[in-house]
Amino acid sequence: MSIIPNGSIAKATVPELLQRKSLAADSTNKKKITCLTAYDYPTARLMDEAGVDVVLVGDSVAMVVLGYESTLPLTMEEALHHTKAVRRGVERALVVADMPFGTYQGDINEALQNAVRFVKEAGAEAVKVEGGERRLEVIARLTEAEIPVMGHVGLTPQSVNAMGGYRVQGKTAGGAEQLLRDARAVEAAGAFSIVLEGIPRELAAEITQSVRIPTIGIGAGPDCDGQILVLHDLLGLTFQESPKFARRYANLGEVISQAVREYCSDVQGGSFPSDLESYHAPSAMKGGKPIRIAR
Ligand code: KIV
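Residues numbered from 1 in each chain as written. Predicted model: local features only at pLDDT ≥ 70, side-chain atom pairs only at ≥ 80, totals over all residues. Heavy atoms only, no water.

As for the overall build of the protein chain
Line of reasoning, step 1. Broken down by element type, the protein chain carries 11 helices and eight strands.
Line of reasoning, step 2. C-alpha extents for the protein chain along the principal axes are approximately 85 × 45 × 45 Å.
Line of reasoning, step 3. Summarising the internal contacts of the protein chain: among those between residues at least 6 apart in sequence, 57% fall at separations of at least 24.
Line of reasoning, step 4. A distance of 3 Å separates the average location of the 31 positive side-chain charges in the protein chain from that of its 36 negative side-chain charges. (Helix = DSSP H or I, 4+ residues; strand = E, 2+ residues; numbered from the N terminus. Contact = heavy atoms within 4.5 Å. Lys, Arg positive; Asp, Glu negative; His and termini not counted. Charge placed at Lys NZ, Arg CZ, Asp CG, Glu CD.)

Structure (structure tokens):
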């Protein structure tokens, strides 16, 4: 986050994030970019107020919120719905919408129309697409239409079937070279930043050195220009084991379960609601006709 002269925190923008990378190149005091996923109004608002730079309405919403087995079934309408909610909660961070599988891999004009919907209808300030060299054309087309694009290479969850599972990428010399080419292609096509997911930290460091746009790592080690995590991993709100790179900062799953258990026990034991948690009829009405009381 950057501080403006009156002491408040400046709005995160695409040029500001790019500038941070170029300043970082000749500074040892480099300011990392903080990113998190959000899918609804309250969490987006809380993370914006806490100072995160980029809020990604990730297609991970499909798995962590909607209960699908992968990100593949997510529809445009579902993604737009969540992006609108996030938009309402964010003032300062940059809001990036993840384009769902199938909405940008085919016809280029359809991809443009879908990206425009995220900006026009949902208020996104940028979109994210997965893939490297194969996405050159679509990234260039969206950028030309003034829609900033975040790239995403490495372990790209929308390629789960092609990859044969969620596997760390770039572990062979050939794989690493391909990823370097992918990252350069994404930059050349006009993307303003690039997510590096599930790749060796040494390769992520090399890619970070070789491109002029900020790299945002997830499972890619500490040498990227920024980091992103899925919020539900960070909060302990998932039902499967978290990946090794996902540091858990809270255990909200347990907090929620405990709160619900206590509530059920209080209702069943008659201690909720108490008299203090109840409305009372005005004394003049006591014993009279039932009255309607506003909340
Ligand atoms: O959908 C998502 O949450 C993502 C991040 C993991 C980068 O794409």
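Remarks on the pattern of salt bridges
Line of reasoning, step 1. Scanning the model with the defined rule gives 14 salt bridges in all.
Line of reasoning, step 2. In this structure, Arg20 and Glu16 form a salt bridge, with 3.1 Å as the shortest nitrogen-oxygen distance. In this pair, Arg20 and Glu16 both sit in helix 1 (residues 14-25), four residues apart, roughly one turn of the helix.
Line of reasoning, step 3. Accessibility expressed as a relative area gives 10% for Arg20, which makes it buried.
Line of reasoning, step 4. Glu16 sits in the buried class, given a relative accessible area of 12%.
Line of reasoning, step 5. What emerges from the salt-bridge pattern is a single network uniting Glu16, Arg20, Asp53 and Arg92. (Salt bridge = Lys/Arg side-chain N within 4 Å of Asp/Glu carboxyl O. Buried < 20%, exposed > 50% of the residue type's maximum accessible area, 1.4 Å probe, protein only.)

Observations concerning the site of the ligand
Line of reasoning, step 1. Taken together, Thr37, Leu56, Gly58, Asp59, Ser60, Asp98, Lys128, His152, Val195, Ile218 and Val230 form the complete shell of residues around the ligand.
Line of reasoning, step 2. Within the side chain of Ser60, one N or O atom sits 2.5 Å away from an oxygen atom of the ligand.
Line of reasoning, step 3. Within the side chain of Lys128, a nitrogen or oxygen atom sits 3.0 Å from an oxygen atom of the ligand.
Line of reasoning, step 4. Within the complex, 96% of the 260 Å² of free accessible area of the ligand lies under protein.
Line of reasoning, step 5. Looking at the shell around the ligand, its residues break down into four nonpolar, four polar and three charged. (Near = heavy atom within 4 Å. Polar contact = N/O pair within 3.5 Å; in protein donor to acceptor, adjacent residues only side chain to side chain. Areas by Shrake-Rupley, 256 points an atom, 1.4 Å probe, with all protein chains shown as cover. Nonpolar A, V, L, I, M, F, W, Y, C, P; charged D, E, K, R; others polar.)

Examining a nonpolar patch on the surface
Line of reasoning, step 1. Residues Tyr263, Val267 and Phe272 make up a contiguous nonpolar surface patch of about 280 Å² in total accessible area.
Line of reasoning, step 2. Mapped onto the elements, Tyr263 comes out in helix 11 (residues 252-269).
Line of reasoning, step 3. Given a relative accessible area of 47%, Tyr263 falls into the partly exposed group. (Patch = residues over 30% accessible without salt bridge, like charges linked within 9 Å, V, L, I, M, F, W, Y side chains within 5 Å.)

Here we look at the side chain of Asp48
Line of reasoning, step 1. Mapped onto the elements, Asp48 comes out in helix 2 (residues 41-49).
Line of reasoning, step 2. At 4.8 Å, Arg92 is the nearest oppositely charged side chain to Asp48, a buried residue that forms no salt bridge.
Line of reasoning, step 3. Residues within four places of Asp48 in sequence aside, it is in contact with Gly89, Val90, Glu91, Arg92 and Ala93.

Some points on the sheet that holds strand 6 (residues 193-197)
Line of reasoning, step 1. Within the closed barrel, the eight strands sit side by side as 1-2-3-4-5-6-7-8. Their pairing is parallel. Adjacent strand axes in the sheet meet at a mean angle of 25°, parallel and antiparallel pairs treated alike.
Line of reasoning, step 2. Note that strand 2 (residues 54-57) and strand 3 (residues 94-98) share four bridges and pair parallel. Each residue of the ladder has a partner; that of Val55, found in strand 3, is Val95.
Line of reasoning, step 3. Of the strands in this sheet, strand 2 and strand 3 are in contact with helix 4 (residues 76-89), which crosses strand 2 at around 155°. (Pairing = 2+ DSSP bridges. Axes fitted to C-alpha atoms, helices over the stretch in contact; angles between N-to-C directions.)

Topic: the pairing of strand 8 (residues 226-229)
Line of reasoning, step 1. Note that strand 1 (residues 33-37) and strand 8 share four bridges and pair parallel. Note on strand 8: the bridge partner recorded for Ile33 is Gly226.
Line of reasoning, step 2. Two elements, strand 7 (residues 215-218) and strand 8, share two bridges in a ladder whose sense is parallel. Residue pairing across strands places Gly217 opposite Gln227, the latter belonging to strand 8.

Describing unusual backbone geometry
Line of reasoning, step 1. Here the residue pair Phe272 and Pro273 is connected by a cis peptide bond, since its omega of -5° sits within 30 degrees of zero.
Line of reasoning, step 2. Along the chain, Pro273 turns up in the segment after helix 11.
Line of reasoning, step 3. Positive phi values are uncommon outside glycine, yet Glu146 reaches one of about 70°.
Line of reasoning, step 4. The topology assignment puts Glu146 in the loop between helix 6 (136-144) and strand 5 (149-154).

Concerning the packing of helix 4 against helix 5 (residues 108-120)
The description of two packed helices rests on the angle between their axes and on the distance between the axes.
Line of reasoning, step 1. It is at 10 Å that the axes of helix 4 and helix 5 come closest, and there the two elements cross at 25°. In terms of their interaxial angle, helix 4 and helix 5 are classed as roughly parallel. The two elements helix 4 and helix 5 cross, and the hand of that crossing is right-handed. Of helix 5, the residues touching helix 4 (which contributes Met76, Glu77, Ala79, Leu80 and Thr83) are Asn114, Arg117 and Phe118.
Line of reasoning, step 2. When the residues that make up the contact of helix 4 with helix 5 are grouped by side-chain class, the tally is four nonpolar, two polar and two charged. (Parallel < 35°, antiparallel > 145°, perpendicular 65-115°, else oblique. Left-handed = near helix turned anticlockwise from the far one by under 90°.)

Spatial relationships are all this shows, so hold off on functional conclusions.
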